[in-house]
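# A closer look at the structure
If you want the building blocks of each chain, they are given just below.
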4 protein chains.
Amino acid sequence: MTIRIAIIGAGIMGADHARIFATELPSVRLQVLCDAATDRAKALADQLGAQDVVSNPEAAILRDDVDAVVIASPDHTHAALTLTAINAGKPVLCEKPLSPNMDECIQVMKAEEALGRQMVQLGFMRRFDPSYSDMKLALTDGTLGQALMMHNFHRNVDTPPTGFEASMAITSSACHEFDVARFVLGTEFKSITAFAPAGVAGKVGPVFMVLETVDDQIVNIEVNNNATYGYDVRGELVGEKGSVFLNTPVTSKYNLGFKGYESYPADWRKRFSEAYRLQNKDFLQFVRSGKTSAAAADAWDGYCSTAVAEAGVAALASGQKTAVSLIEKPAFYK
Amino acid sequence: MTIRIAIIGAGIMGADHARIFATELPSVRLQVLCDAATDRAKALADQLGAQDVVSNPEAAILRDDVDAVVIASPDHTHAALTLTAINAGKPVLCEKPLSPNMDECIQVMKAEEALGRQMVQLGFMRRFDPSYSDMKLALTDGTLGQALMMHNFHRNVDTPPTGFEASMAITSSACHEFDVARFVLGTEFKSITAFAPAGVAGKVGPVFMVLETVDDQIVNIEVNNNATYGYDVRGELVGEKGSVFLNTPVTSKYNLGFKGYESYPADWRKRFSEAYRLQNKDFLQFVRSGKTSAAAADAWDGYCSTAVAEAGVAALASGQKTAVSLIEKPAFYK
Amino acid sequence: MTIRIAIIGAGIMGADHARIFATELPSVRLQVLCDAATDRAKALADQLGAQDVVSNPEAAILRDDVDAVVIASPDHTHAALTLTAINAGKPVLCEKPLSPNMDECIQVMKAEEALGRQMVQLGFMRRFDPSYSDMKLALTDGTLGQALMMHNFHRNVDTPPTGFEASMAITSSACHEFDVARFVLGTEFKSITAFAPAGVAGKVGPVFMVLETVDDQIVNIEVNNNATYGYDVRGELVGEKGSVFLNTPVTSKYNLGFKGYESYPADWRKRFSEAYRLQNKDFLQFVRSGKTSAAAADAWDGYCSTAVAEAGVAALASGQKTAVSLIEKPAFYK
Amino acid sequence: MTIRIAIIGAGIMGADHARIFATELPSVRLQVLCDAATDRAKALADQLGAQDVVSNPEAAILRDDVDAVVIASPDHTHAALTLTAINAGKPVLCEKPLSPNMDECIQVMKAEEALGRQMVQLGFMRRFDPSYSDMKLALTDGTLGQALMMHNFHRNVDTPPTGFEASMAITSSACHEFDVARFVLGTEFKSITAFAPAGVAGKVGPVFMVLETVDDQIVNIEVNNNATYGYDVRGELVGEKGSVFLNTPVTSKYNLGFKGYESYPADWRKRFSEAYRLQNKDFLQFVRSGKTSAAAADAWDGYCSTAVAEAGVAALASGQKTAVSLIEKPAFYK
Ligand SMILES: [Mg+2]
Ligand SMILES: [Mg+2]
Ligand SMILES: [Mg+2]
Ligand SMILES: [Mg+2]
């Protein structure tokens, strides 16, 4: 059965999802590309062979010839479009965040509960990255013993010329670490403390966060959006018996000019290309089977990362350790 | 257009090709699986959803509902089946070697010349491995300057319990290096010298080869089929300005028991899974377009690697530097 | 001129200092070994060729045939013995801490001020480790631009069977990082926050600290005294333009049993053997010249690390960010 | 007992030996520095505090106030000066080669035999490099099982502007690998084959050698004296159960400008500084005890490396596998 996909949003992420479905995965068809800027949607459709291009996202979702939906539109539209899809009975792969607003996340969960089955997969692709899979396996198979700490480093080359505020280090960048640490450790956070070094004049500086889990593990996260030297994501899980490093796979090492080196990419796409491919493959399997996989992030995961981010922003403003307050986890998501 | 594939041979390699086409690539269908042992072909078809299972390879190739052919049957059948496909006008992805016999390789080239277009892609998948792509790029973009030497190491955990003779280190293992060194350097070999250390009692020992190219570069190859510690392929291209190492991408590093370590796989499948996927994707593009890519190995490449292997076997027997004699390269392949 | 040394304390550290002076450095003589347990002092003297063995430390320091003193006795005796040496006009290499008590540290500084010259070098040997030297150089030569963060990881295999309390992770282990971060960054701390994950039942668990400098840099330190897998000290200095990793030099890598690995040592002696050698060489130069080197830790450095440790212990107890309160730096140490 | 040393030759190597004895090792005194160019000997003596400076090497060796001799004069003088020292009963640390001439090497052995004890240690410092020590240990302790192959890579940044001929890649550079491979494997060579890629116009190109041992192991050596990118010595010992890599210890890794890198030094001195220090320490122990250590190279080792180099030069000229012919090993050296 070929799955017919509507992709809402033809920006960087939407275009990447379209490319993956069109050129990397079997049994799927780009049925509709939707973007308010129909020009860029049209250009993408021409390049990848999508069937149709539209500008109204609700209409796109509701079309009879659409089996499943990818939401890659601006963040504030995610929840409403996700609800449209749930109500239409169409599975959704929604880019993170589910919503920047916790209440909206709760509404999505309620809609799923009302329907009686999960419809939403969140685009926390790192759960499908083989490095994090290895890390989780080292815990679940007993290699590491009990988990104690997880150290995370998230570095981008630089911030966009406009529109990137300090809090986005938490809401936009760190939410990947919030989610993947929850995933690897299999637990929830109870507090977050945030530190901000002075940084370089005129640039958004780094943020250093320390989180405590309900199981009293420590998770720390450096987000450095002006790291300059390259896109670089590192991590280490420390357990009772040893530790596991997330390792960026590199294909070549060079000896030139008195340096023995590996190259850093300029952004995340190469680093996580395999994670995106596996995530989207998993989504197709979810559409086919109606069953979420153990790895995939769901609406509860989306809610939690928004809740942690909100506590993190407050912690950064106050300089105080700040509680992460979650509603009780609905039995539906257990 | 969905390409309908016949896969001849349902052993390890045939099964892996079937899996890649069925689960990793778009716009392709497993039309026929063919194996003398119909049981294992049937089991594979059930698992992957192939349309049909047969036992006669010629009949499979000639079926109207087959657009292209993958040959993964025993080595000595490769050339004859390839000729069948060429004469039927069907593109072929043939596992290496094209033939263990140089005359048969020449016959295949003649058949393509007679037809007036290339039909054959050889399964030298390393040309699609990103590590070798980086290496070649470092030459073609001038990073390394002039190429001087290429060091290659090819290690398997152990040999099969029966049937693996010393010469197969050259004909079956080293032929990957013969081909990929020709590819990276863009040249041909003119001589080969082979050395064999004493090895361990009762085991096929390593072979160490030194080849000279017509451009007077040196290529050396260690093949160690009983390396014990893991499957490990290494390489280094040394140029005027520096060198490039082939690096095995690893996703994790572990700290346990007084060791900081990376794991080696037991065989080649994980190491070269991306190369196989890209190769087979390239083959589908070849089927669609009728145009061979710059990376893909063709019948001439198949001939050359067989010629080098034959000289290598002679060199190992004689202990002498042995000339690699090639026919003049047909204009058709230039 | 051959410098005649008295070593006070013949435990692990005293024995190592004795070995370095006796077998690794020129122009120095082990004049007196002093330990309450004269047996072990005698055994050490026999092994290394010391001239004399005594049990009274004050008498040892005051001997006419002693030019300089190494203090490696129990921590609580450091300050008093250091004062004895200062008053006798004899240079001291004092193992850390100068004193566990800030007032005693201040007394030592006052004694030096009264004498009008520095007499004390603290045994913070990491300042002489080539890795930290590289790190400091990358700041001072402008390679990194402005310093933003320093990440530190300090892991021991396990704690002694008795007598190791949780606070010692801060007072005994982390004080190395307190000092070397001050040294590399060239600044002082203003606050410390401490987090303690639950840890493993029956074992002293890790402590994770975050410190702020007066220049608003962030320094974080993991101390994990039951890391199990090996002795491992890591660090990274993050600046405006990039970062530098402390790298543990390894001489060999092994491929065995499906692992490619480096070995971890069981304790710090091998990792920092070169740092100790260079530190003690620097001390001899100090004795000869009367001039402290730029790298060496002095009494002020000893005071500061004790002050930070005291704040750290309070921070761990309270769970609150805790101010580091220092007296004004005496002009004498500027 | 303080050992009084005469150093013959105040060039790069002589100066480095003088520095090591004067500043890095106990119980030794620079008694005499000897160089035809007394100016540079004088400058060195002033810097390091040598007692005396002379220009006549034989006279220097014979002085009553000299206990032991380091020979770092031009290669062709080594054997004669070594004989002078032997006849005077003074232990010698002779820079490699013992002599470029096999007959002279034999004369030195005869002089030692006549005297009835070994007097000569050859300056093959790599035997004291911890990386090679690890490698040898992995053989002798059974970790690797039986040794099969040893791969060696020896790269210098560039050749001196004048006076460096192609054969010196073998006689001057590769002799380190000849010796250390004999040391690690504990065996002798029986043949050598040499290959020379075309190289870069106007530069001395690389040489690639393959040697067979009498135990039928394979040792290959790349010497690349114009490697451009840095001084780099690599090696791998391959055994029955796995392999060991020689690893260049590095103290820091940098992340800058889209590269994660380690730095290469410009020449050998930093890479092998610890080996030289340990070698010279071992020599002092030899002088004191009259007993050669297991690691130290002796006159037989000097003879063998000259014999292999001579065969290597012939092999390069002829393009043929060339026998290494050794005299029978005198019982005196067994
Ligand atoms: Mg899930
Ligand atoms: Mg081609
Ligand atoms: Mg100082
Ligand atoms: Mg010896």
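Here the structure is a predicted model, which means the values were calculated and not measured.

## Comments concerning the overall build of chain A
- Within chain A, the secondary structure is distributed over ten helices and 15 strands.
- Compactness check: chain A gives a C-alpha radius of gyration of 20 Å against a globular reference of 20 Å for 334 residues, within 12% of the reference.
- Overall, chain A is about 55 × 50 × 45 Å in size when its C-alpha atoms are taken along their principal axes.
- In chain A, buried positions account for 61% of the 334 residues.
- Carbon and sulfur atoms make up 51% of the accessible area of chain A, which amounts to about 11,800 Å² in all.

## What to know about the interface of chain B and chain C
- Taken together, the 17 residues of chain B in the interface contact 17 residues of chain C.
- Carbon and sulfur atoms supply 58% of the area buried between chain B and chain C, which totals about 1,300 Å² over both sides.
- It is Tyr229(B), Asn255(B) and Phe258(B) in chain B that bury the most area against chain C; as a group they hold 48% of the surface buried on that side.
- Counting across the interface, chain B meets chain C through zero salt bridges.
- Looking at the side of chain B that touches chain C, the element that brings in the most residues is strand β14 (residues 259-263) of chain B, giving five residues.

## Quick word on helix α7 (residues 168-185) of chain C
All names here are of chain C.
- Taking 1.5 Å per residue as the helical rise, α7 with its 18 residues ought to reach 26 Å, and the 24 Å between its terminal C-alpha atoms agrees with that figure.
- Along α7, the largest kink reaches about 55 degrees and is centred on Ala174.
- Most of α7 sits out of view: 15 of its 18 residues are buried.
- In the stretch just after α7, Gly186 is the one whose phi turns positive, near 65 degrees.

## Side note on the sheet that holds strand β3 (residues 52-54) of chain A
Residue and element names in this part refer to chain A.
- Pairing within the open sheet is parallel, and its six strands lie in the order β3-β2-β1-β4-β5-β6. Looking at the sheet topology across the chains shown, the edges are occupied by β3 and β6 (120-122). The average undirected angle you get between the axes of adjacent strands in this sheet is 25 degrees.
- Relative to strand β2 (residues 28-34), strand β1 (residues 3-8) is paired through six bridges, and the arrangement is parallel. Directly across from Ile7, in β2, lies its bridge partner Leu33.
- The strands touched by helix α9 (residues 273-289) are β1, β2, β4 (68-71), β5 (92-94) and β6; relative to β6, the strand with the most contacts, the crossing angle is about 170 degrees.

## With respect to the nonpolar core
- Core analysis: the largest hydrophobic core is formed by 199 residues, its most contacted members being Phe178(B), Met209(B), Phe178(C) and Met209(C).
- In this view, Met209(B) contacts Ile170(B), Ala174(B), Phe178(B), Ile192(B), Thr193(B), Ala194(B), Val219(B), Asn220(B), Ile221(B) and Val223(B); residues no more than four positions away in its chain are not counted.
- Membership of the second largest hydrophobic core comes to 198 residues, among which are Val180(A), Tyr276(A), Ile3(D) and Ala79(D).

## Let's talk about the relation of the copies chain C and chain A
- The transform that puts chain C on chain A rotates by 180 degrees and translates by 0.0 Å along the axis, for an RMSD of 0.0 Å. As the rotation angle and translation indicate, the two copies are arranged about a two-fold axis.
- Same-surface contact between copies: 100% of interface residues of chain C are shared with the interface of chain A.

## With respect to the relation of the copies chain B and chain C
- Of the transformation placing chain B onto chain C, the axial shift is 0.0 Å and the rotation is 180 degrees, giving an RMSD of 0.0 Å.
- The fraction of interface residues of chain B whose copies in chain C are also interface residues reaches 100%, indicating that both copies meet through the same surface.

## As for the UniProt feature "domain: Gfo/Idh/MocA-like oxidoreductase C-terminal" (unreviewed entry) in chain A
- Taking the numbering used here, the UniProt-annotated feature "domain: Gfo/Idh/MocA-like oxidoreductase C-terminal" (unreviewed entry) corresponds to residues 138-321 of chain A.
- The distance from the first to the last C-alpha atom of residues 138-321 of chain A is 30 Å, and the span holds 34% helix and 29% strand.

## With respect to the environment of Pro130(A)
- Note on placement: Pro130(A) falls in helix α6 (residues 130-140).
- Separated by 127 residues in sequence, Pro130(A) and Ile3(A) place their C-alpha atoms 26 Å apart.
- Setting aside residues no more than four positions away along its own chain, Pro130(A) makes contact with Glu274(A) and Thr251(B).

## Side note on the pairing of β2(A)
Residues and elements named next belong to chain A.
- Counted residue by residue, β2 has six buried out of seven residues, so it is predominantly covered.
- Each parallel crossover has a hand, and for β1 linked through helix α1 (residues 12-23) to β2 it is right-handed.
- Relative to β3, β2 runs parallel, the two being bridged by three bridges. When the bridges of β3 are listed, Leu33 appears paired with Val53.
- Where the polypeptide runs from β2 across helix α2 (residues 38-48) and back to β3, its parallel neighbour, the crossover connection is right-handed.

Here is what the cut-offs are and how they apply
- All residue numbers here refer to positions counted from 1 along the written sequence of the relevant chain.
- Chains carry letters and ligands carry numbers; both start at the beginning, A for chains and 1 for ligands, and go up in the order they are written.
- The predicted nature of this model means local features are confined to residues of pLDDT at least 70 and side-chain atom pairs, given and counted, to a pLDDT of 80 or more, with totals for whole chains, interfaces and linings taken over all residues.
- Based on all heavy atoms of the structure, the side-chain values leave hydrogens and waters out of the count.
- Each helix corresponds to a stretch of at least 4 residues labelled H or I by DSSP, and each strand to a stretch of at least 2 residues labelled E; elements are numbered beginning at the N terminus.
- We compute the radius of gyration from the C-alpha atoms alone; for a globule the expected value is 2.2 Å times N to the 0.38, where N is the number of residues.
- A 1.4 Å probe rolled over the protein chains alone gives each residue an accessible area, and that area as a share of the maximum for its type sets the label: buried under 20%, exposed over 50%, partly exposed in between.
- What sets the accessible areas is the Shrake-Rupley method with a 1.4 Å probe; for residues, cover comes only from the shown protein chains.
- Here, two residues are considered to be in contact whenever any of their heavy atoms come within 4.5 Å of each other.
- Note: buried area is the sum, over both parts, of the accessible area (probe 1.4 Å) each one loses when the two are combined.
- Counted as salt bridges are all cases of a side-chain nitrogen of Lys or Arg within 4 Å of a carboxyl oxygen of Asp or Glu.
- Each residue after the first adds 1.5 Å to the expected span of a helix.
- Bend is the name given here to the angle between axes fitted to two runs of seven residues, the run ending at a residue and the run starting at it.
- Think of it this way: DSSP has to see at least two bridges between two strands before they count as a pair.
- Between N-to-C directions, angles span 0 to 180 degrees; the directions come from axes that are lines fitted to C-alpha atoms, helices contributing only their stretch in contact.
- Residues grouped as a nonpolar core are buried Ala, Val, Leu, Ile, Met, Phe, Trp, Tyr and Cys residues, joined through side-chain atoms within 4.5 Å.
- The fit set for superposing copies consists of C-alpha atoms from residues with pLDDT of at least 70 in both; the fit itself is least squares.
- UniProt positions are given in the numbering used here, feature names are shortened, and annotations may be inferred rather than shown by experiment.
- The crossover handedness rule: strands pointing away from the viewer, path from first strand over the helix to second strand clockwise, crossover right-handed.

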